[in-house]
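# Analysis of the macromolecular model
Here is how the chains run, residue by residue.
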Amino acid sequence: VYPNGEDSTIRVWGTSYTESSYDYIRIYDGVGTSGTELWTDYNVSTQQSFGPFISTSGPITITFTSDGSVTSDGFEIHTACAYLSSCAAPSSFTADSVLGDTVWVSWTDTANSPAFDLVFGPVGMNPDTVVTNIVSGLSTTDYMFTGLSLGMPYDFYVRADCGDEPSMWIGPVQANPGYFYQMAI
């Protein structure tokens, strides 16, 4: 999977449920299987979420091996291209569901960024196409969303906003209002 050009990068994420020791997915940074292995689900027989993984050398290679049987669900992979920005992306992004209709998100500022943007929406959304559910110009490294639908899982993304050139989106992290748990990247 290749990005749009030399000035962009590719991001992949998704879910898988493959058969233990019969089917597996491997994701590599770069062209072919000689690059750094970013993820594998080999010898795991449960549903897993993976990523996002962001390429460092252009493309990402995804391999899928199957014995041909059909006793498990398979996989779903999402891809997105992002412009390579000189604006440093945040790190350590977490989403904490708390009682009621509230989700608390927090992150680490990696480069003394002037502001941050947040987006959220249904699981599997592409943050580059969101036109609602946007919070822009935050000067803090945390935010509390309220008024969310109980029992509906949401994906959350954050990016640094350095003016004309924002960083790439970091995420997704998922939270489900009304259920207490934490997910982090």
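Residues numbered from 1 in each chain as written. Predicted model: local features only at pLDDT ≥ 70, side-chain atom pairs only at ≥ 80, totals over all residues. Heavy atoms only, no water.

### Some thoughts on the overall build of the protein
- Each helix and strand in the protein was counted, giving 0 helices and 14 strands.
- Helices and strands appear in the protein in the N-to-C order β-β-β-β-β-β-β-β-β-β-β-β-β-β.
- Counting every position in the protein, which comprises 185 residues, the buried fraction comes to 39%.
- Of the contacts formed within the protein by residues at least 6 apart in sequence, a portion of 68% connects residues at least 24 apart.
- If you sum the accessible surface of the protein, you get close to 9,200 Å²; carbon and sulfur atoms cover 51% of it. (Helix = DSSP H or I, 4+ residues; strand = E, 2+ residues; numbered from the N terminus. Buried < 20%, exposed > 50% of the residue type's maximum accessible area, 1.4 Å probe, protein only. Contact = heavy atoms within 4.5 Å. Areas by Shrake-Rupley, 256 points an atom, 1.4 Å probe, with all protein chains shown as cover.)

### Quick notes on the nonpolar core
- Ranked by size, the top nonpolar core spans 21 residues in total, and within it Phe-93, Val-105, Trp-107, Leu-118, Phe-145 and Phe-156 carry the most contacts.
- Elements that contribute at least two residues to this core include exactly β7 (91–97), β8 (103–108), β9 (116–122), β10 (134–138), β12 (154–160) and β13 (170–175).
- Per-element accounting of this core gives the leading share, 4 residues, to β12.
- Residue contacts for Trp-107: discarding those within four places in its chain leaves Pro-90, Ser-91, Ser-92, Phe-93, Phe-116, Leu-118, Leu-138, Thr-140, Thr-141, Asp-142, Tyr-143 and Val-158.
- Judged by nonpolar contacts, the second largest core, of 8 residues, contains Val-12, Ile-27, Phe-50 and Ile-60. (Core = buried A, V, L, I, M, F, W, Y, C linked by side-chain atoms within 4.5 Å.)

### Notes on the sheet that holds β13
- In space, the 4 strands of this open sheet follow the order β10-β9-β12-β13, with antiparallel pairing throughout. Of all strands in the sheet, those bounded by a partner on one side alone are β10 and β13. The mean inter-strand angle of the sheet, taken between neighbouring strand axes irrespective of direction, is 20°.
- Examined bridge by bridge, β12 and β13 share 4 bridges and lie antiparallel to one another. Note that in β13 the partner of Tyr-154 across the bridge is Ala-175. (Pairing = 2+ DSSP bridges. Axes fitted to C-alpha atoms, helices over the stretch in contact; angles between N-to-C directions.)

### Considering the packing of aromatic side chains
- Tallying each qualifying case throughout the model produces 9 aromatic pairs.
- Ring centres of Phe-120 and Tyr-154 lie 5.6 Å apart, and the angle between their planes is 70°; this geometry places the pair in the edge-to-face category. Here Tyr-154 lies in strand β12 and Phe-120 lies in strand β9, a separation of 34 residues in the sequence. The pair Phe-120 / Tyr-154 is uniform in exposure class, with both members buried. (Phe/Tyr/Trp six-rings, centres within 6.5 Å; stacked < 30°, edge-to-face > 60°.)

### Topic: the sheet that holds strand β3 (residues 37–40)
- Sheet architecture is open: 3 strands sit in the order β3-β2-β5, paired in antiparallel fashion. Strand pairing shows two members of the sheet lacking a second neighbour, β3 and β5 (60–65), which therefore form its edges. On average, each strand axis in the sheet is tilted by 15° relative to the strand beside it, whichever way the strands run.
- Pairing geometry for strand β2 (residues 24–29) and β5, over 6 bridges, is antiparallel. Bridge assignment links Ile-25 to a residue of β5, and that residue is Phe-64.

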